[in-house]
Structures are given as structure tokens and as C-alpha cells.
Number of protein chains: 2
Amino acid sequence: MSTPKIQPPQLPKGTRDFYPESMRVQNFIFDTWRRAALRFGYEEYEGPMFEHLELYTGKSGDEIVSQLYDFTDKGDRRIALRPEMTPTLARLVIQKGNSLKKPFKWFSLPRLFRYERAQKGRLREFFQLNLDIIGTDSIFAEADLLAAIASMLFDFGLKAEDFVIGVSSRKLLNTYLQEIGTPDASKVYPILDRRLKIGKESFEMELAAAGLSKEQSEKLDQFMNCKSVNDVDAIIQSEASKEALAEIQRLFGTLKAAGYADCVTLDLSVVRGLAYYTGIVFEVFDKGKSMRAIAGGGRYDSLCEKLGGSRVPGVGFGMGDVVLADLLNDHGLLPDPKQILDVYVASFTNDMDQIFKVASIFRAKGFSVSHPLAEAKLGKQMEQANNQGAKWVVYVDGDKAPEGQFEFKNLATGELGTGTPETIAKIISQ
Amino acid sequence: MSTPKIQPPQLPKGTRDFYPESMRVQNFIFDTWRRAALRFGYEEYEGPMFEHLELYTGKSGDEIVSQLYDFTDKGDRRIALRPEMTPTLARLVIQKGNSLKKPFKWFSLPRLFRYERAQKGRLREFFQLNLDIIGTDSIFAEADLLAAIASMLFDFGLKAEDFVIGVSSRKLLNTYLQEIGTPDASKVYPILDRRLKIGKESFEMELAAAGLSKEQSEKLDQFMNCKSVNDVDAIIQSEASKEALAEIQRLFGTLKAAGYADCVTLDLSVVRGLAYYTGIVFEVFDKGKSMRAIAGGGRYDSLCEKLGGSRVPGVGFGMGDVVLADLLNDHGLLPDPKQILDVYVASFTNDMDQIFKVASIFRAKGFSVSHPLAEAKLGKQMEQANNQGAKWVVYVDGDKAPEGQFEFKNLATGELGTGTPETIAKIISQ
């Protein structure tokens, strides 16, 4: 009976398969993220892979739906695969209310989904590290997050000259827009966000369309061109602007004390598209800015309120895996993706029961162990040991080994020996 | 400006939130799974969270759709959140064809989705460990998987008397059904699968409806009541049945050599619902069988063929997180979910820059470190240190510490001291 050949299904567009070689690289990224987050005292959390659609429309408006994987489930619920983690975080915070001791520092490694055109550095399904500090207005929360970013990028092997954390402040931008008498600031943010992409002429035209005079437009351009805290200080006038700038200065001072002065810079071109940021905003780029942002975030003090809770201040960032992996790859910082094993158990006589027995002995000592799964010539077994990255081979039935001992071989050096499991374990552990 | 209060969105039905306390328990399960899989030489892989719907209907028929989260995406693709990992695995195997060196041992920790009634031990969204061996017909692949199951359940702290791996064989069942002259075996499997639930009377009625005579039905009932290899051996007649039984005997012999004789038993009531199993099948239960199965799996030699590839033998199992966590909880084997930190950095004078500086020093030595994020009285700082599970407090500005040294305190013993970061690090590491 032969069944008609069907075309095997394909990988869905914009998603990835992780064969073991790429999974080891992926796990290197996850492990490094997690280790850094724990070192900074963040606690891990997770949520469901999908949420009720209104959690996202409630935060970002109905226009977000066009970028979502949304659907109606069999119980007629409007559902969306999560495009970001912050709304879930806000839901968790709102649910527990005052029973959560604040401030707290949480992290997550969510898998996220966005229905958009797949291109370099941007996929429809990706992973993102999220760090958030909830429940404090203090600028030292921002300092903690930025120190964690710099520290974890160092963990990956990057140096201060390889990346830069550009810092701006929605508060400062807002007070300056007030200072120069901008009629409607909310119309100006998206224009500022596009500024470097659209060029000076379009920038001025769009500002004019938003109701700014030529003088206001020029002042704003001058402001946006500031490269340092001193530049800004020379321009701003209002008490509110001075206060917002002092906050940035405080942040930079603390990061200097923590040893990360070289990693941060004032970058007023960082606006962040999302409407809900209320204070410091930041983005992390490779030094040449040749790639998309490695990470981005900021302060969002009114998000919980917007979603039906009370006001809870928060600040956080997301760092995606795709751009980060590209950057690490460019710097030769991704690990060797080959399999590594401690021990391969081999047999001259295909004594399978003895193979399983000896494998159990070495696994009980904590070693990773493999062995043939069917009768095979020794040459074939050695080939498999090499393919699987085994460092040592233990022979269960070598005739040079006395009773209770085994022959073994160091695959890197070719060195041979005999010993009890205990002595072999000692040698392997060295 | 006050926005109208909206109802905060709820957690979707059948899914879970993982606040840090439950996330630490969840990570304990993931870590134990992963460590055991690596110890047995399995390599981790992953795939996308959703696949083209036809991958699932191609394997399990159209009736599967009623249990799926399926939808049409914005590119008009029929998509389903993955309900199990095996179809994705088969797709990966088919895609790479002969370039994958076989046999290979892979594992994955997929998150899975099934639209079914949420109840004890069964959720709509859950995690599942999958171990599979692809590319060998050898019964030693089954032995490897069952040894890994027993070994990882021991890792969790369970003992041989707490669980049992029930083993049966679709091959044996099939040869015996042929032996007694069953007209259509495919109709009989689902009835055998329900046998213990529906009782003897319904069992016999359903078999009669499937075309079995009273004599055939009685023979089958006698067969299903066998409790040991010897029981079966006394009944079966055909060469094919004897061969299928010998395979089970071989499997048990090898597991005995590996040290897991007490963990496995012949259990012909294990049939496994899925149509694609072709050889050994098994399920793992708590000893009293008071819960759903902890794990289940078997040999599926024709799956790749069914999905449009060539014939590739495979054997594997899945172990869900929900029933496992319930079982571990019943045995008091889940870890303390509290946060643990190495060091909390405190300050008598709220010297925030110094706090950040000292935190950096201890993090650079690999310790997990937290500290106040805003100015706070020392009592408040100590409360936070305790809440966060800090083992040590380092004071940045204690007046008893000479230049270059810090006062520190062991929070468990109350012991006080002074030292350089290096000497403190040594004490903490002890």
C-alpha cells in the first residue's frame, strides 16, 4: 500500500527553526541574559503566550491590530499573540495590587510575535529580554537598568567602544516644547522620531504643518542638535527644563560611579515611538549605528492607570535576540555551536547491557554520556564519539583492563589508560 | 484630565501567570529536565510556536482541528499554535534529509497549546519535555529513553516506589490481533485504549460491534489481563508475536543492567490513542495511578513518510509540566520559591553613587547584588535586604571600616566584620 506523496509543510514565514547547532548559540544568549539579570537582583517572571486583544488595544490603540497575530478562539474570545511583554507585566502588577512589595525588579525572556514584513534584524517571531523596575519614581531605577545593559553587553564580550546607550528625556523634550510655546506637543513627537530619516526640509515642513512657527522650528532644531548636557544647558530657560536636565545629569553621574561612563551619551534623537513614555528614554546601538537598535526602553509612569489600574511608576527596556546575534556574529563573539560530551562508552564486543551499565555509572557521577544505540563496529563507534564531541571514550570490555577497571582514551591527545570508574572520573574532572 | 476607568483585562482561560515565586519552581523543573537530557547526550532544538495547519491535519486527520488554536493569518495562511512537538520534529528531519547524521538524540522544552476543557492536570497552555531518537530501529533507543525518564524522575527526588513506567507494544498487540483473526485491528485500538474506563460489559459490546466473535473477545480480554512477560508467553502462539515479546524482554533486560529494573513493568493497558505508533508504547504514572500520565510515548516509524518525507524510524516521549508539578508537590519535592541574593549593598548616609560603585565591585566578582533604588532609612534598607533573601549586607560607609575596607554582616548569623572587597568575597564564597 503506497500513500500518495504529499509536499512536506514549510516553516511559517518570518519564523525560525533551531537545529541543535543554532539552539546552542541561542542558549548562549539566553544564559548570558539570565545570568546578568540575576546578578543585578532581577527576578524572572512569565505570562501566557497570548492575551485578550483589548490588553494591546487598551495600551496602544486600535491601529496596533494591523501588526498583531490576532484571532477569535473557539470560545469567541478576541485573542492576540503577545507582540511585547509590557502589557502582560502591567496586567500582573494590576492584578496583585498592593500585595506586591514595591519597588521590585523583574525580568523575562518572552517569545514575541509581530505580523510585519520580515527583513534583516526583524522577524515575525523573536525573543526579547525585558528588565523592568516597578514602583519607584527614582532616577536610580534608570541607573540600575542602564548599568545592567552595559554589564550584560560586556558579558557577551563587547567592549565600551562597540556600543553606545543614547539617553534622552521625554520630560525634558516636553518642557522645552512648552518653553518655546509649541501648540500641541503630541503632534510633534512622531515628527521628532522621524527627524533623522526625513531630512531637514521635510522636518521643517512637518513642524509647520503641526502649527510651529519658523522661529519655533529653528529653536527646536537647535535643541535637537545638542550633543551634550552643557549644550542643552546653554539653550534651555525654564525651571522645569533645568530640572529635567538635572535628572539626566544625576543619571550620568551615578553611571560614572558604577564604571559605565564610557557606555552612555546624551542623544536627543532618541524619542521612542510609543506614546506611553513619560520620562527618561534610551536606545542602545552598535557604535556605527549601522544596525537597528539593540535595545530600547524608558520610563512609563501611567501605563497601569491606562489599563484600568492605579498609577504605578515603571521603567524598563527590551533587548531583542535578532539584532544582538547579528552584532555578536560581526564581532566573532558567538560560541562554537558544536556538541560537547564528557564520555562516549564503547564496546569491542557490542555488549549492549554492559554499555548501559557503564553509562549509568558515569552519568551518576554527573558526566554527560553517550554510547552506540545498536551493534556497530568499533570504528563506527569512534566516528560517532567524535561527531558528538566526546572528550573521553571508556571501553566496557577492553582486555587490558583488570577486573573492575576499564580502558579509557583521551580523544584530544590520544592518551590511553586503565582505571576504576572513580579514578577515571577524577582524571576526567581535572 | 481623567480617563474613564476601564476593567483591567484578565488572564486568558486555561493559561497561567508565572509570578517570580512560581517562576522559580518552573525553572527548577526546566533545569532538571535539561540537565538530565544533556547528561544522556540529547541535543536541544526548537521550532516556531505555530505551524501551517496542514502539518497537524496531515499527521492526525481533520478531527484534530477541534482541539487546536487555529486561525488564518493576515497573509491568508492557515496557522495553528503547536499542540505537540513531534510534527515540527518530523518537519525538521524531512527538511534536512540525509545531511543529518543518524541516529541522533534530540530534546526540546516546547510550550504547547490545546483548545480543550481546562481541568486538574490539563491546561490549554503548558510546557512539555520531549526526547526523541531518530534514525534507528534498535530497541536500545527505547532503552535509552526509558533510562532517561527514570533517571530524571530520580533527579527530581522521586524514588522507584513513587512511579512506574508501563510498557506495551503495538507490534505485539497487532500480531496477537492477527493471531486470533481480528477482522480490522485499527477499529480495535481505540476500544482497547478505553478498556479500563468503560468496564468489561461495554468493552465486549464494542468489540462485538467491531466484528469480533465472543471467543475472540474473550481471548483478547485474557491477553489484556496479562501482568508479566511470562503470562503473555503462555498465551501467544505465532512466531511474529513471540518476536514482538522477545523485544520487550530485551528492553527489560537492558534496563535491568542500567539499574532501572524497579521502574518498569509490562502494562498492556497502555495503548496510546495516537494512530501513528508502530512499536513499543509506554506511559509513566504515579504508583497509585491517581493522576493523569506523567509522560507517554513510543515508536513511530512511519510519521515522516506520512508527512511527505521518506521512511525514518523514530521513538520518543513527552512529559508535561502540570501533572509532574502536582506529583512533586504531593511529595514535598518542589523547591523553596523565595528569592535568594548574595549581597545587599546598604548605606548609612544614602550615598547612592557609592552604593552603585560597590555594587559594581561585587557583581564583577560574580555575586548577585541588590541595593536601595532611592534614599531610605537603614531600617528600610535592611527590611528590603531580608525580603530579597540577601545572605550578606555590605555597608558602603560604615565608620568602623578603615580606608579601602567595608563593614559587612551575615544576615543568617548576625556576625559582623570589616574587610576589603577581596577578603569579603572570600568569606562569602566559603
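Residues numbered from 1 in each chain as written. Chains lettered and ligands numbered in written order. Predicted model: local features only at pLDDT ≥ 70, side-chain atom pairs only at ≥ 80, totals over all residues. Heavy atoms only, no water.

Colleague: What's the story with the overall build of chain A in this structure? I'm lost.
Modeller: When its secondary structure is counted, chain A shows 14 helices and 17 strands. Against the globule reference of 22 Å for 430 residues, chain A gives a C-alpha radius of gyration of 28 Å, more extended than a compact globule. If you line up chain A on its principal axes, its C-alpha atoms span 95 × 60 × 50 Å. When the 430 residues of chain A are sorted by exposure, 58% land in the buried category. If you take every contact in chain A between residues at least 6 apart in sequence, the share linking residues at least 24 apart comes to 67%. Accessible surface for chain A amounts to roughly 17,800 Å². Of this, 50% is attributable to carbon and sulfur atoms. Taking the average place of the 54 positive charges on the side chains of chain A and the average place of its 58 negative ones, the gap between the two points comes to 1 Å. (Helix = DSSP H or I, 4+ residues; strand = E, 2+ residues; numbered from the N terminus. Rg over C-alpha atoms; globule rule 2.2 N^0.38 Å. Buried < 20%, exposed > 50% of the residue type's maximum accessible area, 1.4 Å probe, protein only. Contact = heavy atoms within 4.5 Å. Areas by Shrake-Rupley, 256 points an atom, 1.4 Å probe, with all protein chains shown as cover. Lys, Arg positive; Asp, Glu negative; His and termini not counted. Charge placed at Lys NZ, Arg CZ, Asp CG, Glu CD.)

Colleague: I tried to follow the environment of Pro12 of chain A on my own but got confused; where do I start?
Modeller: Looking at the secondary structure, you find Pro12 of chain A in the segment before helix H1 (20-39). Note: C-alpha distance between Pro12 of chain A and Arg124 of chain A (112 residues apart in sequence) is 9.5 Å. If we ignore the near neighbours within four places in the chain, the residues touching Pro12 of chain A are Pro48, Phe50, Glu51 and His52 of chain B.

Colleague: I keep staring at the side chain of Ser241 of chain B and nothing clicks. Help me out?
Modeller: Note on placement: Ser241 of chain B falls in helix H9 (residues 239-258). Those residues in contact with Ser241 of chain B, other than ones at most four positions away along the chain, are Leu172, Thr175, Tyr176, Glu179 and Ile236 of chain B.

Colleague: Just to check I follow, could you spell out the domain arrangement of chain A for this structure?
Modeller: Many descriptions give the size of an interface as the accessible area lost when the pieces come together. Here chain A is partitioned into domain 1 (20-330) and domain 2 (341-429). Distance from the C-alpha centre of domain 1 of chain A to the C-alpha centre of domain 2 of chain A: 52 Å. (Domains from an automatic or database assignment.)

Colleague: Where do I start with the interface of chain B and chain A in this structure?
Modeller: At the junction of the two partners, chain B supplies 97 residues and chain A supplies 97 residues. Between chain B and chain A, a total of about 8,100 Å² is buried, with carbon and sulfur atoms accounting for 60% of that surface. The three residues of chain B that bury the most area against chain A are Tyr19, Lys74 and Leu373 of chain B, which together make up 10% of that side's buried surface. Counting every contact that joins chain B to chain A gives ten salt bridges. Here Arg111 of chain B ties to Glu46 of chain A by a salt bridge, and the two come within 3.4 Å at their closest N and O atoms. (Buried area = accessible area lost by both parts, 1.4 Å probe. Salt bridge = Lys/Arg side-chain N within 4 Å of Asp/Glu carboxyl O.)

Colleague: Any chance you could explain the packing of aromatic side chains here in plain terms?
Modeller: Within the structure shown, the criterion is met by 43 aromatic pairs over all chains. Residues Tyr45 of chain A and Trp106 of chain A carry aromatic rings whose centres are separated by 5.2 Å and whose planes lie at 35° to one another, so their mutual orientation is tilted. In this pair, Tyr45 of chain A is assigned in the loop between strand E1 (43-44) and strand E2 (50-52) and Trp106 of chain A in strand E5 (residues 104-108), connecting sequence segments 61 residues apart. The class of Trp106 of chain A is buried, set by a relative accessible area of 2%. Among the aromatic residues, ring-to-ring pairing joins Phe50, Tyr69, Phe71, Phe113 and Tyr115 of chain A together with Phe50, Tyr69, Phe71, Phe113 and Tyr115 of chain B into one connected group. Over the aromatic face of Tyr19 of chain A sits the side chain of Lys96 of chain B, whose NZ or CZ is 4.6 Å from the ring centroid. (Phe/Tyr/Trp six-rings, centres within 6.5 Å; stacked < 30°, edge-to-face > 60°. Lys NZ or Arg CZ within 6 Å of the ring centre and 35° of its normal.)

Colleague: Can you help me understand helix H5 (residues 170-179) of chain B in this one?
Modeller: An α-helical turn contains 3.6 residues, so any two residues separated by three or four positions project in the same direction. Residue and element names in this part refer to chain B. Of the positions making up H5, those classed as buried are Arg170, Leu172, Leu173, Thr175, Tyr176 and Leu177. Check the buried side of H5 and you find it contacts strand E8 (163-169), helix H6 (185-209), helix H7 (214-224), helix H8 (229-235), H9 and strand E10 (280-286). Between the side-chain oxygen of the N-cap and the backbone nitrogen of Lys171 there are 3.2 Å, and the N-cap of H5 in question is Ser169. Just downstream of H5 lies Gly181, where phi reads positive at about 75°. (Polar contact = N/O pair within 3.5 Å; in protein donor to acceptor, adjacent residues only side chain to side chain.)

Colleague: How should I be thinking about the pairing of strand E11 (residues 295-299) of chain A in this particular structure?
Modeller: The side chains of a regular strand alternate between both faces of the sheet. All names here are of chain A. With five of five residues buried, E11 lies mostly within the body of the structure. As defined by bridge partners, strand E10 (residues 280-286) adjoins E11 across four bridges and the pair is classed as antiparallel. Bridged to Phe282 within E11 is Gly297. (Pairing = 2+ DSSP bridges.)

Colleague: Quick question: what am I supposed to make of unusual backbone geometry here?
Modeller: With the exception of glycine, the majority of residues adopt a negative phi angle, and the majority of peptide bonds are in the trans configuration. Residue and element names in this part refer to chain A. Here Lys102 and Pro103 are connected by a cis peptide whose omega angle stands at 0°. Assignment of secondary structure puts Pro103 in the loop between helix H3 (86-96) and E5. Here Lys289, not a glycine, exhibits a phi torsion of approximately 50°, which is positive. Structurally, the position occupied by Lys289 is in the loop between E10 and E11. The exposure class assigned to Lys289 is partly exposed, which follows from its relative accessible area of 38%. Phi angles above zero are rare outside glycine, and Asn350 is one such case at about 55°.

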